[in-house]
Amino acid sequence: MKHNHNHNNSPDPASRLVPVRFEFRDANARTVYVAGTFNHWQPEAKELHASAGYWWKETNLAPGTYEYCFIVDGRWISDPQARETVPNPFGGRNSVLKVSPKT
């Protein structure tokens, strides 16, 4: 049996993670990734799964605000369903994701 030697009674950091689902639709796409501040903008870390033009990826993130883009067949694009975007330094837009704590 493992013992928790954390005596300050704070919750395990993993217990504060919130499930997040990224979704994208494109029947013609061959590859879709998501990259953002949550994975240091490394698209190869988060490849989306495909099913008949519907792409998705589930991941767990800590509460906070993140910027991200989809990489569709090598093209960086903002999420068409994002409620908020911000300009990025490359002349495009980054989508904004706000993750609220679990209740």
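Residues numbered from 1 in each chain as written. Predicted model: local features only at pLDDT ≥ 70, side-chain atom pairs only at ≥ 80, totals over all residues. Heavy atoms only, no water.

Caption draft 1: Expanded view of the packing of aromatic side chains. Under the criterion given, the structure shown has 6 aromatic pairs. Taking the centre distance of 6.0 Å and the plane angle of 70° together, the rings of phenylalanine 38 and tyrosine 66 count as edge-to-face. On the criterion of sequence distance, the pair formed by phenylalanine 38 in the loop between β2 (32–36) and β3 (49–51) and tyrosine 66 in strand β5 (residues 64–72) is long-range, its members being 28 residues apart. A relative accessible area of 16% means that phenylalanine 38 is categorised as buried. Given the relative accessible area of 13%, tyrosine 66 is considered buried. (Phe/Tyr/Trp six-rings, centres within 6.5 Å; stacked < 30°, edge-to-face > 60°. Helix = DSSP H or I, 4+ residues; strand = E, 2+ residues; numbered from the N terminus. Buried < 20%, exposed > 50% of the residue type's maximum accessible area, 1.4 Å probe, protein only.)

Caption draft 2: Region of interest: the pattern of salt bridges. Overall, the coordinates contain 3 salt bridges when judged by the stated rule. Glutamate 23 is the salt-bridge partner of arginine 21, the closest N and O atoms lying 3.0 Å from each other. Residue glutamate 58 pairs with arginine 21 through a salt bridge whose shortest N-O separation is 2.5 Å. Of this pair, glutamate 58 sits in strand β4 (residues 54–61) while arginine 21 sits in strand β1 (residues 18–25); the two residues are 37 residues apart in sequence, bridging distant segments of the chain. For arginine 21, a relative accessible area of 38% gives the class partly exposed. What emerges from the salt-bridge pattern is a single network uniting Arg21, Glu23 and Glu58. (Salt bridge = Lys/Arg side-chain N within 4 Å of Asp/Glu carboxyl O.)

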